[in-house]
Structures are given as structure tokens and as C-alpha cells.
Amino acid sequence: VVLIHFFFLSLYPYIKEKLNWKTYFKRLILKVTMIKKLYLPLVALMVLALSSCGKMGELSSDYFTTNPEVLEAVAGKVPVTINGKFPEKYMKKNATVEVTPVIRWNGGEAKGQPAMFQGEKVEGNGQTISYKVGGNYTMKANFDYVPEMANSELYLDFKITKGSKTYTIPSVKIADGVIATSELPTAASSNASYAEDAYQRIIKQAQEANIMFLIQQANLRNSQLKSDEMKEFHKKVAEVNADTKNFKLNNIEVSAYASPDGGVKLNTGLAENREKNAEKYLNKQLKKAKIEANVDAKYTAQDWEGFQELVAKSNLQDKDLILRVLSMYQDPEQRENEIKNISSVYKTLADEILPQLRRARLTANYDIIGRSDEEINEAFDTDAKVLSVEELLYAATLTNDKARQNAIFTKTTQLFPNDFRAYNNLGEMAFAAGDMAKAESFFKQAAAKNANAPEVNANLGLVELVKNNVAAAETFLGKATGANAANEALGNLYIKQGQYQRAVNAFGDAKTNSAAQAQILAKDYNKAKATLQAIQDKDAMTDYLMAIVGARTNNESLVKSSIKSAIAKDASLATKAANDREFAKFASALK
């Protein structure tokens, strides 16, 4: 501007004097040279002054990258790492810049923690950026996820301060967001834990009686044959033999023994004779009672095993020493000699332990036969009070009719109100039907009967996950070990915590929406697709997850067909899909 101004000022006198053009250009060149020498330094100073006091301008989005490129919800948060750059000759030496990451959506926004940057002449705690060369920086942000973020964008806001003046420059969009596949509500479609019955139609039982012998004798004494123990034995054998509907007598064992004291030869003879006499007596009694049974007889010459068991259970002063001898020596005679050498205890052994080993044990092995499936069903229909709690709970497994199962569990709570299992299973049915309030009510009733039951804790944890109460769920699931669906509940917990591979491992081979969701988040798309295809009762969320698999594997036809199927089952998913960043590349295909 200055040069042009002086150019025209110099032009006027030459025209006025009507000089020829050669003279005019000579004088003009001289004049311009003088202007250059006199005014260019002044112009440079003016430009420098204007530039030093000017505002810092807008920054290009090219100066910023984010990781991830598209924001994603993880464990209820939206984490992002921002890499930025101040270009050369941008950061004024006496300026500070406050940079604030902000997620904005229609009608709202969420701000992250701001970061401070400062010029070279500023004394402060911010990162110093060189004016001449600029500088790179990294900042992290972590936003609380809200559903409205599904259709949002990440911006950086800038507030610049120079001296007493503060101003802003235009915000810069640096990323899209937020992919929220981890927040999809799949926990409700998981399997709750079922409390199983302990019904056994055939229960093995045994009735025992011991015939005791005097030292070095094998004859049967009347006092032993008429003992209360022997009377109960014969009574039970007769009862089992008579009631073939409810019992089955398998066999009767005769096991005769001699105590370890004395020589092997002597003890072998004693044990053998005790076996023969006991077996002869038993066969006589069975024949008299007209009972047919297999009798299996055997003898043990020196009952070291029984000796060790009795010593271990005793209060003998030197029992540890005796047990150590038994472990050190295997030869019977050496064992006996070493134990006899412990003089302080041998008399007690002879008086209290050894006499208990001089015996013949009779064992009647039989089965208790319970009601058949048909009999249990008939009993429930006619008079449920005759059934045990185990039979009632078992009855519910004999039908696929949900109404009948519900009726069986309800009757069980009436007849056995202190057993938690029927309440739990009513809750499991309500959960499977999608009635969360009813399910939670039954689970809490079950907890009132048994707060430590693994099934109850697994199910209460699952309910808390459906309500997105992760901390409460974790507390319950800490007491769920052993529940048959505990791993599914844990898998859902791990999804909420952002531990995707642990979730995949917890689900194992489960074929549920939650299992597929974990596999998608762990980027195992082939496995997720196979899981979704194997789900028996496919719902709208099953199809929606399959569409996500299609989007992540760039399969447009799978996206289109799956979304169409999902919307047919749940029309609200149309809006969700339209705003879901998972399908950003397939927007035209979804119209």
C-alpha cells in the first residue's frame, strides 16, 4: 500500500513538466529506490507488529487423529486418545490455549477433561509449545456413555488467552461416534439358573450287623445272635424281601476278620472259621424265613486296615507314633513287633482297639425303588401331598407344558414353603418369558429361604445386569459358583466390564445372543455368525447382531436381510439401525 501511494505521488510532477518518457522512467527508478531504502524497513516493522498482536486462527482437522477412529462404548464409557499438532508459527509466545474434547449430539453434549498448552513466555503448568516449530501432543478423554451418543460427533473446543484478553476459535470435528454394540441389551435373553431336583428312582442302601468273637475263638455266641443290631438286620431283610414293589434285595455279604495280634497262620484259621460259622448261620436263617438271596462270603486274616482306621479315630496318646509305624513297615510280623515295643500304649490297644476287629460283618445290599414317572404324574393329579419335594421338582421335568410346570412349582411352594428351589424355578420361567419384575420377585423369595444358594445369586446377578447395575451384579455373582448357568451370567458381567475375551471364555459353547455379542466384540466374527445361526428361538436382537456381523465383514446382503428380519420382529429397531454407526457404510442399503 505504501509503495503504490508513493508511486502515484511521484507520477504527478513528471506529467506536469511534460518530460519525455526516457527522463520520466529514469527519475521514477531513482524515486522507487529511495522509497525502498526509506520505507521498506518501516513496512516490515508494521507487518511484524500487526502479526504479533493478531489473533490465533482456526485449526484444520488435518492436525488431529483419534484412537479409535470411530468412538466406541466400552464398559459404560467412551474412551478416546487424541493426537494433535500445533503447526509452526502458530502458538504465540505469550498465549495459552485450553483444549476441551466434547461429544455433541442433537440436543446435548458431554465435555471431557480440558488440557492446557502455553507459549514459550508463559509460566504455567501446561505443555509448552514452540512458536517457531510448533509441537505435537496427546490427550485422553473418557466420557460416560448415554444412548443419545449413538448419533454424535467428537469436537475439540479451543479457548485462547493472551494477556487480559480471552477468545475462542471455531471448534474442530475430529471423529464420529459412538459405536455402542457393547451396550446392546442381550442379558435378558440369557438363560437363568435352574435349581435341580435330587430325585433318584433307585437308591442303593445297606443294612449291617456285626457278630463279635472272643480272642482266638470262632464260635457264635447267643448273646451276639440275639443282639438288637442282629434283630434289626433280620427285620430289614424280611421287609425288603416282602415288598418287591418298593425294594429289591441284591445280595448279602459276610466279611469275617481277625485282629492283627498273633501269627499270620493262627489269624488265617480264625478268620476262615469265623466266616464259615457266620455264613452257615445266615443261610439257616434265610431258609427258615423262606428268603432267597445271594450270599457272598470272604475273610481277612489280619485286619490292619480296620486297625489303622480305629487308631486314627481314637484318642490314644501315641496314636501318631502307631500310625507312623504302619506307614513305615509293610510286613505284618514286623508291624506287630514294633507296636508291641510301644509298651505305654499296647495295653490300651489290647483292651480297646483289638477286640473290635474280631468280628464277622453281615451286610444286606438292597435298592429302594421309587415311583415311576407315570406314578408321579398320577399322584400329582390326584393327591400331590403324597409326593416328596424331590418327586415334585422332578415332576416338572416330565413335561414341556409351561402351564403344568408352573402349576407344579406353585404347588411345591405351598407344600414345602421353606425350600428355595420351587421359588427359584418360577423365577427362571418368568425370566425366560421376559417378565423381569415377576422374575426378580420370585428370586428374592428364593433368597429369603436360602440366601447362599448359587442358583439364586446367579439369577439375582443376572437381573442386576439387565438393569445395568454392574456393581450389584458382581456382588451376587461372587456367590454363584456351582449354578448351572453361572458362566452365562459371568459372561454378561464381563461384557459390561469390557473384558470381551474373558466373556467369550465364560460363555463357552452357549448359543445365546449374549455369547454372540461377546464374540463380535472380541472380533471373532465367524464364531459369532455360527452362534447366531445355532440359536433355536431367534428374536429381533438375534437378527440385529447378525446384521452387525454382516457390517463388520462387509457383507451388504447379510446386513440388509438381517435388518429387515429384525425390524419385522421389532419395529423400533428401524430407528436404532438408522442411527447405529455400525451401519454407517450401508445407509443406502437400509432405506
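As shown above, the structure is provided for reference.
Conventions and cut-offs
- All chains use their own residue numbering, which begins from 1 and follows the written sequence.
- In keeping with the predicted nature of the model, local features appear solely for residues at pLDDT of at least 70, side-chain atom pairs appear and are counted solely at 80 or more, and the whole-chain, interface and lining totals rest on all residues.
- Side-chain metrics rest on all non-hydrogen atoms present in the structure, leaving aside hydrogens and water.
- Note on pairing: DSSP must find at least two bridges between two strands before they are called paired.
- Numbered from the N terminus, helices here are DSSP runs of H or I no shorter than four residues, and strands are runs of E no shorter than two.
- Every axis in this analysis is a line fitted to C-alpha atoms, fitted for helices over the stretch in contact. Angles between the N-to-C directions lie between 0 and 180 degrees.
- Two residues form a contact once any of their heavy atoms are found within 4.5 Å.
- Each residue after the first adds 1.5 Å to the expected span of a helix.
- To sort residues, take the accessible area from a 1.4 Å probe on protein chains only and compare it with the maximum for the residue type: under 20% means buried, over 50% means exposed, and anything in between is partly exposed.

Right, let's talk about the sheet that holds strand β11 (residues 202-212) for a bit. Strand order in this open sheet of four strands is β11-β14-β12-β13, and the pairing throughout is mixed. In this open sheet, the two strands that pair with only one neighbour each are β11 and β13 (295-300). Direction aside, neighbouring strands of the sheet carry axes that sit 20 degrees apart on average. As defined by bridge partners, β11 adjoins strand β14 (residues 359-369) across 11 bridges and the pair is classed as antiparallel. In the sheet register, Q205 faces β14, and the bridge partner there is Y366. Along the sheet, helix α4 (residues 228-242) makes contact with β11, β12 (247-257) and β14, crossing β11 at roughly 145 degrees. Against the sheet, helix α5 (residues 264-288) contacts β11, β12, β13 and β14, and its axis sits at roughly 160 degrees relative to β13.

Attention now moves to the sheet that holds strand β8 (residues 135-144). Whenever strands of a sheet pair, they do so through backbone hydrogen bonds, lying parallel or antiparallel. Read from one edge to the other, the open sheet built from three strands follows the order β1-β3-β8, with strand pairing classed as antiparallel. Taken across any chain shown, the strands that pair with only one partner, and hence form the sheet edges, are β1 (64-67) and β8. Sheet twist, expressed as the average angle between the axes of neighbouring strands with direction ignored, equals 20 degrees. With four bridges joining them, β1 and strand β3 (residues 77-86) adopt antiparallel strand pairing. When the bridges of β3 are listed, N67 appears paired with T81.

Below, the discussion takes up α5. Residues spaced three or four apart along an α-helix face the same direction, because each turn holds 3.6 residues. Between its terminal C-alpha atoms α5 stretches 36 Å, which fits the 36 Å expected from 25 residues at 1.5 Å a residue. What α5 keeps buried is the set N267, L270, A271, R274, E275, A278, Y281, L282 and L286. At its buried positions, α5 is contacted by β11, α3 (222-225), α4, β12, β13 and β14. Positive backbone phi, approximately 55 degrees, marks K290, located one or two places after α5.

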